[in-house]
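# Structure assessment
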Amino acid sequence: PGLMWQAMPWRGLERQQVKVSQLSESTTVTTVQWPVCLREEAALLGSFCVAPTTNNLPGNQDDQLPRLSFQVEPQIPSHATVFLLSDENDAFQRLFLWGGRGNVSAGCEHLMEASKATVFADATSGHVNGARSLTGSRYHQWYAIAVDCSRPRPSCPNITMAQISYFHPNSDGSMDMCRNLAMGSAGIAAILKETFHKTLEHLGVSNPLHVVGLSPFSIVILYTCALAMVLCAILLGSMSRIEQDQGKKLVYLRSCFALLVAGFSYLCMSTGNGISFLKPIGGTGPATSWAFSSTRLEVAEEGMQVASYPLFYVRYLSMMVSTSCILYNLCVIAAVNAPVKKLLLFVNASMWALFLSGAVIFSPLKWVLWLFASLSCWACSWTIRKDLWDASSMRDRPTRRLFHKLAAIVLLSWTVYPIFWLISDGTRTLPSDVVIMAHGAVDILALCIFGLLLLRNVPRLSTLLPKGMDGETELLNSES
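Before going into details, it helps to say that this report is about the structure given with it.

Between helix α11 (residues 338-360) and helix α12 (residues 365-392), the least distance of the axes is 8 Å, while the angle of their chain directions is 155 degrees. Between α11 and α12, the angle is such that the two are roughly antiparallel. Considering how the two elements wind past one another, α11 and α12 form a crossing that is left-handed. Here the residues of the contact of α11 with α12 are counted per class, giving 15 nonpolar, five polar and two charged.

The next point concerns the nonpolar core. I384 and L388 are the most contacted members of the largest nonpolar core, which has 70 residues in total. Secondary-structure elements contributing two or more residues to this core are α7 (216-242), α8 (246-270), α10 (313-334), α11, α12, α13 (397-426) and α14 (432-457). Here the element with the most residues in this core is α10; it accounts for eleven residues. If we ignore the near neighbours within four places in the chain, the residues touching L388 are L330, C331, A334, V336, V340, L344, T383 and F403. Of all hydrophobic cores here, the second largest spans 23 residues; its members include L84, V119, L134 and A162.

Within the structure shown, the criterion is met by two disulfides. The partner cysteine of C37 in its disulfide is C156, sulfur to sulfur 1.8 Å. Torsion about the S-S bond of the C37 and C156 cystine: about -70 degrees, corresponding to left-handed handedness. Here the residue C37 occupies a position in strand β4 (residues 37-38), and C156 occupies one in the loop between β10 (140-147) and β11 (159-167), the gap between them amounting to 119 residues. Here C156 falls in the buried class, since its relative accessible area comes to 11%. A sulfur-sulfur separation of 1.8 Å characterises the disulfide bridge that pairs C108 with C149. Across the disulfide from C108 to C149, rotation about the S-S bond amounts to roughly -95 degrees, and the bridge is consequently left-handed.

So, on to a nonpolar patch on the surface. Nonpolar side chains collect at one region of the surface, where L365, V368, L371, F372 and L375 lie side by side and expose about 440 Å² of accessible area between them. Mapped onto the elements, L375 comes out in helix α12. Residue L375 is classed as partly exposed on the basis of its relative accessible area, which comes to 46%.

A word on the sheet that holds strand β2 (residues 17-24). Strand order in the open sheet formed by five strands is β2-β3-β11-β6-β9, with antiparallel pairing between adjacent strands. Each having just a single partner strand, β2 and β9 (128-133) make up the two edges of the open sheet. Direction aside, neighbouring strands of the sheet carry axes that sit 15 degrees apart on average. Strand direction decides the pairing type here: strand β3 (residues 27-33) and β11, joined by six bridges, are antiparallel. Considered in β11, the bridge of T28 is made with Y166.

Counting buried positions over the nine residues of strand β5 (residues 42-50) gives eight, a clear majority of the element. With two bridges connecting them, β4 and β5 associate as antiparallel partners. Of the residues in β5, the one forming a bridge with L38 is A42. Alignment of β5 against β10, held across seven bridges, turns out to be antiparallel. Bridge pairing links A43 to A146 in β10.

Of note, G272 is situated in the loop between α8 and β12 (276-282). With a relative accessible area of 6%, G272 lands in the buried category. Spatially, the C-alpha atoms of G272 and F312 are 9.6 Å apart, while their sequence positions differ by 40 residues.

Here is what the cut-offs are and how they apply
- Numbering of residues starts from 1 in every chain and runs along the sequence as written.
- Given that this is a predicted model, residues contribute local features only at a pLDDT of at least 70 and side-chain atom pairs are listed and counted only at 80 or more, while totals for whole chains, interfaces and linings are drawn from all residues.
- Hydrogens and water are ignored here; the side-chain numbers use all heavy atoms of the structure.
- Note on method: axes are straight lines fitted to C-alpha atoms, helices fitted across the in-contact stretch only, with angles between N-to-C directions ranging 0 to 180 degrees.
- Only DSSP runs of H or I covering at least 4 residues are called helices, and only runs of E covering at least 2 are called strands; the numbering of each starts at the N terminus.
- Note that the term roughly parallel is reserved for angles under 35 degrees, roughly antiparallel for angles over 145, roughly perpendicular for angles of 65 to 115, and oblique for everything else.
- Crossing handedness follows the turn of the near helix against the far one: under a right angle anticlockwise gives a left-handed crossing, and clockwise gives a right-handed one.
- For this classification, the nonpolar set comprises Ala, Val, Leu, Ile, Met, Phe, Trp, Tyr, Cys and Pro, the charged set comprises Asp, Glu, Lys and Arg, and every other residue, Gly included, is treated as polar.
- By convention a nonpolar core is built from buried Ala, Val, Leu, Ile, Met, Phe, Trp, Tyr and Cys residues, the set being connected through side-chain atoms within 4.5 Å.
- When a residue's accessible area, from a 1.4 Å probe over protein chains only, is under 20% of the maximum for its type it is buried; when over 50% it is exposed; and in between it is partly exposed.
- Note on contacts: a residue pair qualifies if any of its non-hydrogen atoms lie within 4.5 Å across the two residues.
- Two cysteine sulfur atoms form a disulfide, by the criterion used here, when they sit within 2.5 Å.
- Nonpolar side chains (Val, Leu, Ile, Met, Phe, Trp, Tyr) within 5 Å and like charges within 9 Å form the patches, drawn only from residues with over 30% relative accessible area and no salt bridge.
- All accessibility values rest on the Shrake-Rupley procedure with a 1.4 Å probe; residue burial counts only the protein chains present in the view.
- Put simply, a salt bridge is a Lys or Arg side-chain nitrogen that is within 4 Å of an Asp or Glu carboxyl oxygen.
- A pair of strands is treated as paired once DSSP finds two or more bridges between them.

Next up, the structure:
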């Protein structure tokens, strides 16, 4: 029907003048001068998208139903009769789009049978004045047409002016919903989206996918990462409650805590918290100079002209805590001594502090900080490959195999972190959506996959307490 509509032989498009004004939220007035003719047979005064209605309305229905009020002035000697057609029974399509000239040529009696309402002109002035309520069980389109029925064959009258007031208390009066329905599945998706937004607005809840400075795609990624981390944390926490071995219980709890911290940080970011926004102040490409936006309002006002860049400082703080818990678990599984454990945790915390410092500094000093952060990352990887690997060789085979799997995840993540920082918060050359997706993927690998491997392999181990610790633990428990 859309292609047929475009192929219709319109007449008078060049002289038609249309003015639409919004008197209130529920009233739209359309004024048409010299409306176009459909197939030389009818003048199209307007089309209107009407929301579903019901006849079971309390009180005066006319005050609550959608309504068209119109005043049509034909040019003498033309006469006009106004017909209201609805596409709910395909009347307009059958008369003008599908059936062609034959149906209308049958006379105005055929139009009266197909229309929902017929309004005749005043015998004295020749003007057509009237109002009709509109009903329907679904979103549908209404058409107001004027036809000269004074001749043996219906024809298009010359209308000098037609003013139609559309009262739409249960919709916004736009054509979007009817247009979306005609588009099929894509239109249905648009309808669901609009319904979701209206429901949130009715409940007084802001749209969770609308955060100033972030795209809806970024928000979805952040929410997805937060949900994945919290679910993994729940699994680890549940396992810790049923685990009897003290060493395994503590490993579960540390990973659970790490995932909760990271998950809540991603939840903060998805709601627009824990973020600072940067704006370009000069240069192009990697040479762009950046500065902090003074307020979130500035980002909103300049968002259409200036490409702001989000800085997720809360992620650096949370990863400093979460990765420390992960590394501590790795040290426990490898049964490394206390000095190596403390050194590894200190270097890891320094790495994240240097990354954060480099992200908030705009001078060339940030590259020095990135270099030291990369060296710290390399020191962590070297300690794992040397000290922890050697210590794990003294463990039993199942524990040693678990350590190798977990260490591979940590080494891969710690190799990627400096590279991602370089192309994200370092040069800011990648779009923020890509950066968020990349960081989320690596964090899921470092935290969620690490935790899932623990869930799968730790129950098979005899114990995670180093030799000589079982008796000490029992003594502490008996004393307490």
